[in-house]
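A structural walkthrough
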Amino acid sequence: MARAQGFARRGAKPTHNAPIRKSRAPFLDLPPELYIQIGNYLPRRDAVNISHCSKKLYHVFRPAVWRVLYPRGNDAEMLRGILQLKAKAKAELQAEKACVYRPSRPVVKEIRAVHIRLQAQNYSIAWEHDDSKPTQLGYEIVALIRNLPHIQQLTLDLRYLDPKQVKTLTTTLANYKLDHLASLRRVRFTSSEFDNGVTKREIDPASCGQAISAFCAALGPKVNELEYVRGSDISNDAAFISASSTFASTHHRRPLKRLFIARDVPWMFDPQGIKTREIIENVAVAHHKDTLEWLTIFDDSDYEPTGGEEAWNTAQDAVAFLADALSSMPCLRRAAFPIIDFPVLARSGNTSITRRDDANFEYGAVEEAMEFIGKGVLRSLPQLERVAFWSMMQARGVEAVGHGEDIHCQFHEATEVSFMGGRESWPMGLWGYRF
């Protein structure tokens with residue numbers, strides 16, 4: 001009887017009250033698709049830390065770890081890092097081609113953004129006197145970018161390349177284009193001569209401009225966002241104009257949608273340098289007026305009418321000048337740039353105000369003029385959704401949003417537009433833009 005009962009017990013079905021065995025680590029039992037979504041929201045440092053917890057997490061969070069690549073350092077460090085990555089990528093691609101099982105894809109197929117920043121070897125030695133720079137670095141940088149098939153964003157800071165390295169880079173780009181990178185949409189270049197205490201002696205903006213122009217000529221036809229951080233003197237202006245002209249005059253018809261231009265240290269600009277109005281006329285309107293949707297100029301070189309400040313006597317005159325400057329871009333949705341002191345004349349036409357250093361300075365009158373100008377430009381150009389204008393002399397700015405009679409204005413304390421600090425402040429953080 002006991003033996004029969006034993007068979008019965010072993011064959012019995014479990015009751016609904018039987019305890020369910022739970023996993024000791026439920027996070028490890030998630031579907032692979034959820035790991036990918038989680039990795040998209042993780043900062044790279046957190047993704048690296050969690051990938052060290054187990055072999056499974058190493059492979060499932062590999063796309064998040066390698067999503068953004070940051071090659072930085074001096075010439076020797078940069079070259080060594082690129083060669084190590086090339087060796088790793090070559091081995092993985094060969095294994096994939098040979099159908100060797102691997103739980104994850106090669107790293108070069110995971111990378112979506114590359115931020116290359118070349119640093120000086122010694123700030124006390126000018127680049128033209130340093131003979132230790134490897135000339136093949138320019139070739140290796142181009143080879144690295146060419147072998148990233150899914151790259152979407154490219155940031156290049158190559159200010160410390162010497163003329164020999166620039167020549168190698170430009171020759172390489174002339175022979176090996178980047179137009180096969182079908183996913184590349186956003187590029188950013190830097191030619192500023194002020195950085196980390198380094199003066200103009202350490203870099204050559206003209207040589208840097210040649211490298212940037214070579215990249216602009218080699219890019220594919222689908223790049224539609226251009227960012228350019230320029231310096232403060234005429235040589236930097238020449239490099240910027242040359243690069244923007246090359247970007248627009250290649251055989252590709254690039255539908256540029258977003259143009260972002262900034263100055264690294266704006267308060268040290270050359271009075272004879274290019275102004276905001278000239279950037280709008282000679283770059284935005286001249287080359288991209290039919291496609292441009294966002295135009296942002298973070299600079300202290302104010303937009304000034306062709307007739308000077310005398311032609312900007314009333315708020316209504318300001319509206320007319322700004323609307324006329326932006327009207328030739330029919331697709332424009334957002335525009336932001338500095339203008340000369342807000343012409344503080346109330347709608348009645350008899351209220352005036354002097355500059356900030358005057359004891360009778362009143363923010364109320366300034367904001368009244370800001371509101372009038374912001375709303376006036378939006379009503380004059382119905383296709384616009386948002387505009388932002390600011391004056392560094394008055395240290396105030398306005399952001400206007402809306403259409404017709406439903407326009408809202410927000411006023412801001414305008415801080416120094418600088419990449420050396422305050423990037424979260426207004427207008428540097430305008431519309432959620434991060435650098």
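Source: prediction; values computed, not measured. (Residues numbered from 1 in each chain as written. Predicted model: local features only at pLDDT ≥ 70, side-chain atom pairs only at ≥ 80, totals over all residues. Heavy atoms only, no water.)

Glancing now at the pairing of strand β7 (residues 258-263). Of all 6 residues that make up β7, 5 are buried, and the element is covered over most of its length. Across 6 bridges, strand β6 (residues 225-230) lies against β7 in parallel orientation. Its bridge partner lying in β7, R230 is registered against R263. Where β7 lies against strand β8 (residues 294-298), 5 bridges are found, and the strand directions are parallel. By the bridge assignment for β8, I261 is matched with I297. (Buried < 20%, exposed > 50% of the residue type's maximum accessible area, 1.4 Å probe, protein only. Helix = DSSP H or I, 4+ residues; strand = E, 2+ residues; numbered from the N terminus. Pairing = 2+ DSSP bridges.)

The next subject is the packing of aromatic side chains. Inspection of the entire model under this criterion finds 5 aromatic pairs. Note on F260 and F298: the rings are 5.4 Å apart at their centroids and 75° apart in plane angle, and the pair reads as edge-to-face. In this pair, F260 is assigned in strand β7 and F298 in strand β8, connecting sequence segments 38 residues apart. Each member of the pair, F260 as well as F298, carries the same accessibility label: buried. Here the aromatic rings of Y303 and F337 are separated by 5.8 Å at their centres, their planes lie at 45°, and the arrangement is tilted. Placement of Y303 in the loop between β8 and α12 (315-326) and of F337 in strand β9 (residues 334-338) is noted, with a sequence separation of 34 residues between them. With respect to class, Y303 is no different from F337; both count as buried. Through successive ring pairs, a cluster of aromatic residues spans F260, F298 and W390. R254 extends its terminal NZ or CZ atom over the ring of F247, reaching a point 4.7 Å from the ring centre. Looking at R258, its charged tip hangs above the ring of W294, at a distance of 3.9 Å from the centre. (Phe/Tyr/Trp six-rings, centres within 6.5 Å; stacked < 30°, edge-to-face > 60°. Lys NZ or Arg CZ within 6 Å of the ring centre and 35° of its normal.)

Before going further, it helps to spend a moment on the nonpolar core. In terms of nonpolar packing, the biggest core is built from 93 residues, with F189, F215 and F337 touching the most fellow members. In this view, F337 contacts T276, I280, I297, Y303, L322, L326, A388, F389 and W390; residues no more than four positions away in its chain are not counted. F298, A388, M392 and W426 belong to the second-largest nonpolar core, a separate cluster that totals 10 residues. (Core = buried A, V, L, I, M, F, W, Y, C linked by side-chain atoms within 4.5 Å. Contact = heavy atoms within 4.5 Å.)

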